[in-house]
Amino acid sequence: MKRYIFIYGFAIVVVEPEFKKNWSGNRLNHVKIYVISKKVHRHYFHIIVSLRRKLIRHCHYQLICLAMYREPKVNTAYVTGISFISAMGGYLFGFDFAVISGALPFLQKEFNLNAYWEGFATGSLALGAIAGCLLAGVVSGKYGRKPGLLLAAVIFILSSLAMAFAPGRDFFIASRFAAGIGVGMASMLSPMYIAEVSPAHFRGRMVAINQLTIVIGILVTNLVNYSLRNQGVDAWRWMFGLGSIPSALFFAGSLWLPESPRWLVRAGKKDRASAVLSRIGGSDYAANTLGSIEASFTGEGRFDYRSVFHSAVLPAVLIGIGLAVFQQLCGINVVFNYTTKIFASIGASQDDQLLQTVFIGGVNLLFTLLAMLLVDKLGRKPLMLIGAGGLALLYLVVVQMLATGSQDVSWFLLAAIGTYAMSLAPVTWVLIAEIFPNRIRSAATTIAVLCLWLAYFILIFTFPILFDELADNTFYIYSAICIIGFAFVWFRVKETKGKSLEEMEGVFQSH
């Protein structure tokens, strides 16, 4: 393919014509124009108009401004700092998610839980999370992302103390439902906020911080649970009550956060949005990003949830829902939440059961760190495919190991945790934060995360019942779901690596 290089004003221009054969011979069909210039944003229109006059007009032109695609000089420390503060919601998500695993043997004795109540006490967190998603959508859409994070922090503080002092089963379940409201709000708002303040070239790593804090929360909680295992019948109260400390830190940190610039633009507060963007990447970055944000909102009025199901955006919404549901029904969270039950089935002691939760937390953290390195290099779709295919195969081995009562099942369950931690766990949250257009992001994210928590409840509520009936064969069901998920990702999910949120507008939408 020939390339033509020439100087135009302040720019070096590389023209790459592409020809298409038809019945009359070769015809100029497509022209790629690469522009290398520090001042290209000032001369963009002059360059394209001039080239249209010099070249054949009736073909498709693609202007690729290389200067625009260079990584902006970002205030990395600032972006990382506010991302970690927002991701404290993820830490508390991890706490409430994991604390039940260590506390469950104590709760079974304290409240005489059968399989039904065991599943409901564990799954009540998900029911609260559904309510939290709805509340987060209203609060974050009307008042901003920051007030939503602050409200979630307050709920985390109160629910942790309520669970610790629960006098009975019903009060405990109601308190865990309240904790779920905070989890639901954080699960939606933390990755959304991080995605909206992070530049495109490392947004994947920043959003993955939320998953990192989730797994840190899981590991720390498992370590605390293990350390409290011999503190008597009330050890579970300490397990839950200690959650109030990181909750208070999350509240204090959230007071310092700036509001999301994309929410500020939508709210008509352009000056404040520009100030936030300038602090993130400087004045040039602020000007370019602000223009892109405004363009993405152009012509759109106030939305309601019906707009999420408009034909133009419905493909993105359905993909987001599919990813969210698959992340839960793939089955790995039964290993996190019912570690003690699974290992009790092969004769492990209570101390060994709780020790396995620590190993699971450690592997989860290690592979989440690996995911943070890969998500912006290898890409989202390859990682999702690795996760779905890997879990489908590992579950088949787990079934055989559990059937024989082999202690070696631990290694394969840890491999499943590692596979999930580097793929489906963080990448699903990254994609949900990325794929929706600006004008419906809050509502669409609410719906996707709501479906995620509904799927989590179904998984967690049904596992004790299924495991009592099917035992190790339960994992055949999860393997089949992973095969279906692999096909869904292969055929429906498109790569989003390196694209700005505004560029993503056309990737998943129908035209």
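Source: prediction; values computed, not measured.

Conventions used here
- Residues numbered from 1 in each chain as written.
- Predicted model: local features only at pLDDT ≥ 70, side-chain atom pairs only at ≥ 80, totals over all residues.
- Heavy atoms only, no water.
- Helix = DSSP H or I, 4+ residues; strand = E, 2+ residues; numbered from the N terminus.
- Buried < 20%, exposed > 50% of the residue type's maximum accessible area, 1.4 Å probe, protein only.
- Contact = heavy atoms within 4.5 Å.
- Areas by Shrake-Rupley, 256 points an atom, 1.4 Å probe, with all protein chains shown as cover.
- Phe/Tyr/Trp six-rings, centres within 6.5 Å; stacked < 30°, edge-to-face > 60°.
- Lys NZ or Arg CZ within 6 Å of the ring centre and 35° of its normal.
- Expected span 1.5 Å × (residues − 1).
- Bend = angle between axes of the 7 residues up to and from the residue.
- Core = buried A, V, L, I, M, F, W, Y, C linked by side-chain atoms within 4.5 Å.
- Salt bridge = Lys/Arg side-chain N within 4 Å of Asp/Glu carboxyl O.
- pLDDT = per-residue confidence, 0-100.
- Axes fitted to C-alpha atoms, helices over the stretch in contact; angles between N-to-C directions.
- Parallel < 35°, antiparallel > 145°, perpendicular 65-115°, else oblique.
- Left-handed = near helix turned anticlockwise from the far one by under 90°.
- Nonpolar A, V, L, I, M, F, W, Y, C, P; charged D, E, K, R; others polar.

## A closer look at the overall build of the protein chain
Across its full length, the protein chain holds 21 helices and four strands. Taken across its 511 residues, the protein chain has 57% of its residues classed as buried. The long-range share in the protein chain, meaning contacts at least 24 apart out of those at least 6 apart in sequence, stands at 80%. As presented, the protein chain carries roughly 21,100 Å² of accessible surface, and 64% of it is formed by carbon and sulfur atoms.

## A short note on the packing of aromatic side chains
With the rule as written, the count across this model stands at 25 aromatic pairs. When the centroid spacing of 5.3 Å and the interplanar angle of 90 degrees are considered together, the rings of Trp453 and Tyr456 count as edge-to-face. Placement of the pair is Trp453 and Tyr456 together in helix α20 (residues 441–470), with a separation of three residues, close to one helical turn. Each member of the pair, Trp453 as well as Tyr456, is classed as buried. The ring of Trp117 has Arg169 sitting right over it, with the charged end atom 3.7 Å from the ring centre. The ring of Tyr226 carries the charged tip of Arg229 above its face, separated from the ring centre by 3.8 Å.

## Regarding α20
For α20, with 30 residues, the first-to-last C-alpha span of 41 Å sits near the 44 Å given by 1.5 Å per residue. Along its length, α20 shows its largest kink, about 40 degrees, at Phe463, and proline Pro464 lies within four residues downstream of that point. For α20, the tally of buried residues reaches 22 of 30 residues, placing the bulk of the element in the interior. Looking one or two residues beyond α20, the residue adopting positive phi is Ala471, at roughly 55 degrees.

## Notes on the nonpolar core
Ranked by internal contacts, the top residues of the largest apolar core, which has 152 residues, are Phe172, Ile332, Trp453 and Phe475. In terms of residue count, the dominant contributor to this core is α20 (16 residues). Setting aside anything within four residues of it in sequence, one finds Trp453 in contact with Phe93, Ala126, Ala129, Ile130, Cys133, Val183, Gly184 and Ser187.

## Digging into the environment of Val317
Turning to its location among the elements, Val317 is positioned in helix α13 (residues 314–329). The exposure class assigned to Val317 is buried, which follows from its relative accessible area of 1%. Along the backbone, Val317 and Ile432 are 115 residues apart, and their C-alpha atoms lie at a distance of 9.2 Å. In this structure Val317 touches Val308, Phe436, Ile440 and Ala444, once residues within four positions along its chain are discounted.

## A few points about the pattern of salt bridges
The final tally for this structure, using the stated rule, is seven salt bridges. With a shortest N-O distance of 3.9 Å, Arg237 and Glu110 are connected by a salt bridge. Of the two residues, Arg237 sits in helix α9 (residues 235–241) while Glu110 sits in helix α4 (residues 88–111), which places them 127 residues apart along the sequence. A salt bridge links Arg237 to Asp234, with the shortest nitrogen-to-oxygen separation between them at 3.4 Å.

## Here we look at the confidence of the model for the protein chain
Averaged over all residues, the pLDDT of the protein chain equals 81, while 81% of them reach at least 70. Every residue in residues 37–46 scores below 50 in pLDDT, and together they form 14 contacts with partners more than four places removed in sequence or on other chains. Contacts from residues 56–69, a stretch scored under 50 in pLDDT, to residues over four places away or in other chains number 39 contacts.

## Regarding the side chain of Ser410
Here Ser410 is to be found in helix α18 (residues 409–421). Using a relative accessible area of 9% as the deciding quantity, one classes Ser410 as buried. With near-sequence residues (within four places) excluded, Ser410 lies in contact with Phe343 and Gln356.

## Overview of the side chain of Gln353
Examined against the element boundaries, Gln353 turns out to sit in helix α16 (residues 350–374). By relative accessible area, Gln353 is classed as buried at 9%. Setting aside residues up to four positions removed in sequence, Gln353 forms contacts with Thr339, Thr340, Phe343, Ala344 and Ala348.

## What about the environment of Tyr285?
Structurally, Tyr285 can be placed in helix α12 (residues 270–297). Measuring from C-alpha to C-alpha, the distance between Tyr285 and Val74 comes to 8.5 Å, with 211 residues separating the pair along the chain.

## Section: the packing of helix α7 (residues 169–197) against α20
In a pair of packed helices, the angle between the axes and the distance between the axes together describe the arrangement. Interhelical geometry of α7 versus α20 gives an angle of 140 degrees and a closest axis separation of 10 Å. If you check the angle between α7 and α20, you find them oblique. Crossing angle aside, the handedness with which α7 passes α20 is right-handed. Taken together, the residues of α20 that come into contact with α7 (itself represented by Val183, Gly184, Ser187, Met188, Met192 and Glu196) are Arg441, Ser442, Thr445, Thr446, Val449 and Trp453. Looking at the contact of α7 with α20 residue by residue, the class counts come to five nonpolar, five polar and two charged.

## With respect to the environment of Ala348
Within the secondary structure, Ala348 sits in the loop between α15 (339–344) and α16. The contacts of Ala348, once residues within four sequence positions are left out, are Phe343 and Gln353.

## Observations concerning the packing of helix α5 (residues 115–142) against α7
Between α5 and α7, the least distance of the axes is 5 Å, while the angle of their chain directions is 40 degrees. It follows from the interaxial angle that α5 and α7 lie oblique. Pair α5 / α7 crosses with right-handed handedness. Residue composition of the contact of α5 with α7, by class: 18 nonpolar, nine polar and two charged.

## Some points on unusual backbone geometry
With phi around 50 degrees, Asn112 is a residue other than glycine that occupies positive phi space. You can see Asn112 is positioned in the loop between α4 and α5. Residues other than glycine seldom take positive phi values, yet Ala471 does so here, at roughly 55 degrees. If you trace the backbone, Ala471 turns up in the loop between α20 and α21 (474–492).

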